[in-house]
Amino acid sequence: MAAKLISTGFRLTTLPENYVRPLSDRPRLSEVSQLEDFPLIDISATDRPRLVQQIHQACARFGFFQVINHGVSKATIDEMVTVAHEFFGMPMDEKMKLYSDDPTKTPRLSTSFNVKEEEVNNWRDYLRLHCYPIDKYVHEWPSNPPSFKEVVSKYSREIRELGFKIEELISESLGLEKDYMKKVLGEQGQHMAVNYYPPCPEPELTYGLPAHTDPNALTILLQDATVCGLQILIDGHWFAVNPRPDAFVINIGDQLQALSNGVYKSVWHRAVTNTENPRLSIASFMCPDNGAVISPAKPLWEAKEEEAKPVYRDYTYAEYYKKFWSRNLDQEHCLENFLND
Ligand code: OGA
Ligand code: NI
């Protein structure tokens, strides 16, 4: 059965067959732990060396952290959340105008992850947009709700500033020049996924998003302020990253893992569902320019004593992205395909 949008407003009492995972591949929610020492970083701090050190520890240990005092205004965030809820609350025929299951098309409203490649579907609808350069893409964004374009433009601009700030900190935390990432990643693209997970009749049997790593450079996630769902894999065990309304969740994507020569990890994460409340999350992805050549930063291996070498071979982001979307989500880490011999 072909998957279709699930943000219908109707509540089912049993999970349709095409969402049911085999026994060996279920979330086992009772085995998920709380992460007590999840890094919370105040990026407005003026003690730069300490801040850089915190970033280093967070990226090396978890590949994930939360930031507060991030410079994105509360009004911008609140408006973004409101317009996203309004969007998914629109009637089905209005939403279907944007529906596509072709992953190369943007903008698109779609469901699950990659419905043409996967065997079991996921309990998620999502709207995917290109957000940079805004002037190039804004005309193709949804015109309903009427405030959508204005609100999302403002949000995207502020998020981009935050992204650059964090890329600088990450560069410094690897002992590289402050603008290393910015230079190597070229004219960075910016994509957005507005994820909507309706209440699910049987959360133990399915995922909102199955385990995956993000294929881009850096992800800036606005989690639902109250509804839990994000989990990350640390030392083989799943941990919940509970929401903090004033924070963004930041994670290292595959490209920063490659640039850091594997010092920083693009960590497996997933989203699970619940029976009670819809959950909204807004992921902004900073993406290398398609022609950017990704290779492990030389200073991280060249001068090392033992026979250190780059873990990954050089490739362009375009090559990587094509590979990523040709797969199913829960296969091997996509970077495994780009290891040096
Ligand atoms: C993603 C993602 C997690 C979430 O969109 O890549 O990991 O909590 N989302 O929705
Ligand atoms: Ni992700």
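Look above for the structure.
Worth saying up front: this structure is predicted, and the values here are computed from it rather than measured. (Residues numbered from 1 in each chain as written. Chains lettered and ligands numbered in written order. Predicted model: local features only at pLDDT ≥ 70, side-chain atom pairs only at ≥ 80, totals over all residues. Heavy atoms only, no water.)

*Asks:* I'm lost on the packing of helix H2 (residues 74-88) against helix H5 (residues 148-173) in this one. Help?
*Replies:* Helix-helix packing: each pair is described by the crossing angle between the helix axes and the interaxial distance. Where H2 meets H5, the axes come as close as 9 Å, and the angle between the chain directions of the two elements is 135°. Here H5 runs oblique to H2, going by the angle between their axes. The way H2 lies across H5 gives a crossing that is left-handed. When H2 is examined against H5, the residues Thr-76, Ile-77, Glu-79, Met-80, Val-83 and Phe-87 are found in contact with a partner set consisting of Phe-148, Val-151, Val-152, Lys-154, Tyr-155 and Glu-158. Each residue belonging to the contact of H2 with H5 can be placed in one class, and the counts come to eight nonpolar, one polar and three charged. (Axes fitted to C-alpha atoms, helices over the stretch in contact; angles between N-to-C directions. Helix = DSSP H or I, 4+ residues; strand = E, 2+ residues; numbered from the N terminus. Parallel < 35°, antiparallel > 145°, perpendicular 65-115°, else oblique. Left-handed = near helix turned anticlockwise from the far one by under 90°. Contact = heavy atoms within 4.5 Å. Nonpolar A, V, L, I, M, F, W, Y, C, P; charged D, E, K, R; others polar.)

*Asks:* Just to check I follow, could you spell out the side chain of His-212 for this structure?
*Replies:* With respect to the helices, strands and loops of the structure, His-212 is situated in strand S7 (residues 209-212). Residue classification places His-212 among the buried residues on the basis of a relative accessible area of 8%. Here the side chain of His-212 touches Pro-210 through a polar contact of 3.0 Å, landing on its backbone oxygen. (Buried < 20%, exposed > 50% of the residue type's maximum accessible area, 1.4 Å probe, protein only. Polar contact = N/O pair within 3.5 Å; in protein donor to acceptor, adjacent residues only side chain to side chain.)

*Asks:* I'm lost on the site of ligand 1 in this one. Help?
*Replies:* Taken together, Asn-195, Tyr-197, Leu-209, His-212, Asp-214, Leu-221, Leu-230, His-269, Arg-279, Ser-281, Ala-283 and Phe-285 are the residues near ligand 1. One of the side-chain N or O atoms of Arg-279 is found 2.8 Å from an oxygen atom in ligand 1. In this structure, an oxygen atom belonging to ligand 1 sits 2.6 Å away from a side-chain N or O atom of Ser-281. When the free accessible area of ligand 1 is taken as 290 Å², the share hidden by the protein chains comes to 95%. (Near = heavy atom within 4 Å. Areas by Shrake-Rupley, 256 points an atom, 1.4 Å probe, with all protein chains shown as cover.)

*Asks:* Sorry if this is basic, but what is going on with unusual backbone geometry here?
*Replies:* In terms of backbone geometry, most residues other than glycine have negative phi values and most peptide bonds are trans. In this model, Tyr-132 is joined to Pro-133 through a cis peptide bond whose omega is -10°. The residue Pro-133 is located in the loop between strand S5 (125-130) and helix H4 (134-137) in this model. Omega for the bond connecting Asn-144 with Pro-145 falls within 30 degrees of zero, at -5°, which places this linkage in the cis form. Structurally, Pro-145 can be placed in the loop between H4 and H5. Notably, Asn-69 is not glycine yet its phi reads approximately 50°, a positive angle. For Asn-69, the location among the structural elements is in the loop between strand S3 (64-68) and H2. We note that Ser-112 has phi near 60°; this positive angle belongs to a residue other than glycine. Turning to its location among the elements, Ser-112 is positioned in the loop between strand S4 (108-111) and S5. A relative accessible area of 0% means that Ser-112 is categorised as buried.

*Asks:* Just to check I follow, could you spell out the environment of Phe-88 for this structure?
*Replies:* Within the secondary structure, Phe-88 is located in helix H2. Taking the C-alpha atoms as reference points, Phe-88 and Leu-127, separated by 39 residues in sequence, lie 9.1 Å from one another. In contact with Phe-88, other than residues within four places in its own chain, are Ser-7, Lys-95, Leu-109, Asp-125, Tyr-126, Leu-127, Val-194 and Tyr-196.

*Asks:* Help me out: how do you make sense of empty space enclosed by the protein in this one?
*Replies:* The rolling of a water-molecule-sized probe over the atoms marks out the regions of remaining empty space. If you walk through the whole model with that rule in mind, you get two cavities of 30 Å³ or more. The calculated volume of the largest cavity comes to roughly 360 Å³. As for the largest cavity, its lining consists of 30 residues, of which Arg-124, Leu-209, His-212, Asp-214 and Phe-285 are closest to the centre. Breaking the lining of the largest cavity down by element, the ones donating at least two residues are S5, strand S6 (189-197), S7, strand S8 (218-223), strand S12 (269-271), strand S13 (279-287) and helix H8 (317-325). With five residues, the single largest contributor to the lining of the largest cavity is S13. A breakdown of the residues in the lining of the largest cavity according to their chemical character gives 18 nonpolar, seven polar and five charged. Lining of the second largest cavity is provided by Phe-164, Glu-167, Glu-168, Lys-178, Asp-179 and Lys-182. Top contributing element to the lining of the second largest cavity by residue count: H5, with three residues. Within the lining of the second largest cavity, the residues separate by chemical class into one nonpolar, no polar and five charged. (1 Å grid on protein atoms, 1.4 Å probe; cavity = no way out; pocket = protein on both sides within 12 Å on 5 of 7 lines; lining within 4 Å. Points joined across faces, edges and corners; volume = space filled by probe spheres on them.)

*Asks:* Please explain the pattern of salt bridges as it appears in this structure.
*Replies:* Where side chains of opposite charge bring their charged atoms close, a pairing between them can arise. According to the stated counting rule, one finds twelve salt bridges in the structure shown. Here Glu-168 ties to Lys-178 by a salt bridge, and the two come within 3.9 Å at their closest N and O atoms. Of this pair, Glu-168 sits in helix H5 while Lys-178 sits in the loop between H5 and helix H6 (180-185), placing them ten residues apart in sequence. A relative accessible area of 28% means that Glu-168 is categorised as partly exposed. Of the charged contacts, one joins Glu-302 and Lys-298 as a salt bridge, the two residues approaching to 4.0 Å between their closest N and O atoms. Judged by relative accessible area, Lys-298 falls into the partly exposed class, the value being 47%. (Salt bridge = Lys/Arg side-chain N within 4 Å of Asp/Glu carboxyl O.)

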